[in-house]
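# Coordinate analysis (summary)
So the chains spell out like this:
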Amino acid sequence: MNTTYINLKNLLWKAAFLFIISLSFTACGDKASLSEDVALNSIEAYLKSNPIYETVEINIGEVKFSLKKDKNDLKAYKELEEKGYVNLSLVKQKKKFLSKDSVFTYEVKLTEKARPFVLKQKKETVEVKSLEYQLGDKEQARIELTGKKTAKAVLTLKKVANDFSILGYDKNPHTDFIVKTFNLNYKKDKGWIVTKSK
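Reference entry: report on the structure contained in this document.

Quick notes on the rules
Residues numbered from 1 in each chain as written. Predicted model: local features only at pLDDT ≥ 70, side-chain atom pairs only at ≥ 80, totals over all residues. Heavy atoms only, no water. Salt bridge = Lys/Arg side-chain N within 4 Å of Asp/Glu carboxyl O. Buried < 20%, exposed > 50% of the residue type's maximum accessible area, 1.4 Å probe, protein only. Helix = DSSP H or I, 4+ residues; strand = E, 2+ residues; numbered from the N terminus. Contact = heavy atoms within 4.5 Å. Patch = residues over 30% accessible without salt bridge, like charges linked within 9 Å, V, L, I, M, F, W, Y side chains within 5 Å. Areas by Shrake-Rupley, 256 points an atom, 1.4 Å probe, with all protein chains shown as cover. Lys, Arg positive; Asp, Glu negative; His and termini not counted. Charge placed at Lys NZ, Arg CZ, Asp CG, Glu CD. Core = buried A, V, L, I, M, F, W, Y, C linked by side-chain atoms within 4.5 Å. Phe/Tyr/Trp six-rings, centres within 6.5 Å; stacked < 30°, edge-to-face > 60°. Lys NZ or Arg CZ within 6 Å of the ring centre and 35° of its normal.

## A few points about the pattern of salt bridges
Summed over the entire model, instances satisfying the criterion amount to 5 salt bridges. E112 is the partner of R115 in a salt bridge, and the nearest nitrogen-oxygen pair spans 2.6 Å. On the basis of relative accessibility, which here comes to 55%, the residue R115 falls in the exposed class. With relative accessibility at 55%, the residue E112 sits in the exposed group. Ionic pairing is found between K129 and E132, a salt bridge with its closest N-O pair at 3.9 Å. Looking at E132, the relative accessible area reads 24%, which means it is partly exposed.

This is the structure:
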């Protein structure tokens, strides 16, 4: 067999081998690395601009409270008044005929102190934050790469209630936390960013 042919064949095999090796390195180099700190910093930044919270709607203006039926609500409004979030002015009190029940009508006004909690305001109702979910135990975070430039992080968010929570309904009453999954993508100009939470 011609030695030139054998040398050419060996040379082609070496070239093909080197090409495959270089492709492997290129593919590995294209994979964005993700540390736990980077992932948690991305999630913290996401939660600052996209906070996760629960809300409650409260009545303002002239609000009627039945002493029997709305006893707890009236107590909650009075607590909010003591803490400086609302002003209550008794407009009238009416005793129901042949009943031990009374109906109180109060003028309810929000104070400036309530403003940071207000999300939506209508003529007779206001939607306010009642509790917020914040980054909890970072050591419990589970972070994994799901692709070359994608990852997911599963972690707990702790409940942080505010004074309006006394009027709200807790969707998760049996825990002090919720478990959330965050999807992260690597962008060349921004680095790792959260694209979705569920």
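Text resumes after the structure shown.
## Focus: the side chain of K129
Examined against the element boundaries, K129 turns out to sit in strand β6 (residues 125-135). For K129, a relative accessible area of 17% translates into the label buried. When sequence neighbours within four positions are dropped, the list of residues in contact with K129 reads P51, Y53, E54, T55, F117, L119, N162 and F164.

## Observations concerning a positive patch on the surface
Together, R142, K152, K196 and K198 make up a positively charged patch on the protein surface. Note that K196 resides in strand β10 (residues 191-197). Looking at K196, the relative accessible area reads 46%, which means it is partly exposed.

## A closer look at the nonpolar core
I58, Y77, Y106, V108, F164 and L167 are the most contacted members of the largest nonpolar core, which has 21 residues in total. Broken down by secondary-structure element, the contributors of at least two residues to this core are β1 (52-59), β2 (61-66), α3 (71-82), β3 (86-95), β4 (102-110) and β6. Ranked by the residues each element gives to this core, the list is headed by α3, at 4 residues. Once residues lying within four places of it in the same chain are set aside, the contact partners of Y106 are G61, E62, V63, F65, L74, K78, L88, S89, L90 and V91. Core analysis: the next-biggest nonpolar cluster, separate from the first, contains 20 residues, L34, L47, A141 and A151 among them.

## Here's the deal with the side chain of S102
Inspection of the secondary structure assignment puts S102 in strand β4. Accessibility expressed as a relative area gives 9% for S102, which makes it buried. If sequence neighbours within four positions are ignored, S102 has contacts with F65, S66, L67, Q93, K94 and K95.

## Quick look at the packing of aromatic side chains
In this structure the tally under the stated criterion is 8 aromatic pairs. Relative to Y106, the ring of F65 has its centre 6.0 Å away and its plane inclined at 70°; by these criteria the two rings are edge-to-face. Taken together, the positions of F65 in strand β2 and Y106 in strand β4 put the pair 41 residues apart, joining distant regions of the chain. Side by side, F65 and Y106 carry an identical accessibility label, which is buried. In textbook terms, an aromatic cluster arises when at least three aromatic residues are bridged by ring pairs, as seen for F65, Y77, F104 and Y106. Lying over the aromatic face of Y85, K113 brings its terminal NZ or CZ to 4.8 Å of the ring centre.

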